[in-house]
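So the chains spell out like this:
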Amino acid sequence: MVHCKMIALPEYSGRLGILNAIEGGQDIPFEIRRTYYITGVPGDVTRGFHSHRQLEQVLICLNGSVKIRLKTPSEEEVILLDHPSRGLLIGHMIWREMFDFSPGAVLMVLASQHYTEEDYIRDYAQYEQEAKTYFQTEGDV
Ligand code: T46
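Residues numbered from 1 in each chain as written. Predicted model: local features only at pLDDT ≥ 70, side-chain atom pairs only at ≥ 80, totals over all residues. Heavy atoms only, no water.

Notes on the state of the cysteines
- Taken as a whole and judged by the stated rule, the model has zero disulfides.
- Free of any disulfide, Cys-4 has its nearest neighbouring cysteine sulfur in Cys-61, separated by 17 Å.
- Classification of Cys-4 as buried rests on a relative accessible area of 14%.
- For Cys-61, a relative accessible area of 1% translates into the label buried. (Disulfide = S-S within 2.5 Å. Buried < 20%, exposed > 50% of the residue type's maximum accessible area, 1.4 Å probe, protein only.)

As for the site of the ligand
- Lining the immediate environment of the ligand, one finds 13 residues, of which Arg-34, Arg-47, His-52, Gln-57 and Tyr-120 sit closest.
- At 2.6 Å, a side-chain N or O of His-52 approaches an oxygen atom of the ligand.
- A distance of 2.9 Å is found between an oxygen atom of the ligand and a side-chain nitrogen or oxygen belonging to Arg-122.
- Protein burial of the ligand: of its 650 Å² of free accessible surface, 68% is covered by the chains.
- In this structure the site holding the ligand corresponds to the largest pocket.
- When contributions to the shell around the ligand are tallied by element, the ones reaching two or more residues are β4 (34–38), β5 (47–52) and β10 (95–99).
- The leading source of residues in the shell around the ligand is β5, at four residues.
- Partitioning the shell around the ligand into residue classes produces five nonpolar, four polar and four charged. (Near = heavy atom within 4 Å. Polar contact = N/O pair within 3.5 Å; in protein donor to acceptor, adjacent residues only side chain to side chain. Areas by Shrake-Rupley, 256 points an atom, 1.4 Å probe, with all protein chains shown as cover. 1 Å grid on protein atoms, 1.4 Å probe; cavity = no way out; pocket = protein on both sides within 12 Å on 5 of 7 lines; lining within 4 Å. Sits in = over half its atoms within 2 Å of the grid points. Helix = DSSP H or I, 4+ residues; strand = E, 2+ residues; numbered from the N terminus. Nonpolar A, V, L, I, M, F, W, Y, C, P; charged D, E, K, R; others polar.)

As structure tokens, this is what we get:
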């Protein structure tokens, strides 16, 4: 999927357990300005249904599993996140939906910007319109 990729996060494991360390600007391609985590989501709930214009994020499932549907006007892909050593980078102008949360799933997100509702596109028709122009222009570069 354009603007998205899996990132293998540094892992230090042994008989004492596992430690993952993440350095902003090194292990992930931006400085981290915000972090949040999503917990307690019933298995039949889907969250998300939006895109971001500028925000970049890395999603890491710290416990359990969750599926992420990524969409552009021309592509669609579902990614399973089920390991704390794997992060999913989601870049600009990607529609996302999070679903199939397992019991006890913990989804942590590292974000490149502070929270601002103006960066969200929450209406799919509006997203398609902006994304078609955005990817067309990007393809022209
Ligand atoms: C995303 C996916 C993966 C805040 O006040 N500050 C924050 O930093 C965030 C992320 C949310 N909120 C408020 C806004 C809403 O009133 O928390 C409420 C729930 O947010 P939302 O419905 O946007 O949650 P999700 O799970 O649909 O989406 C979230 C992020 O908002 C979004 O950026 O990419 O997780």
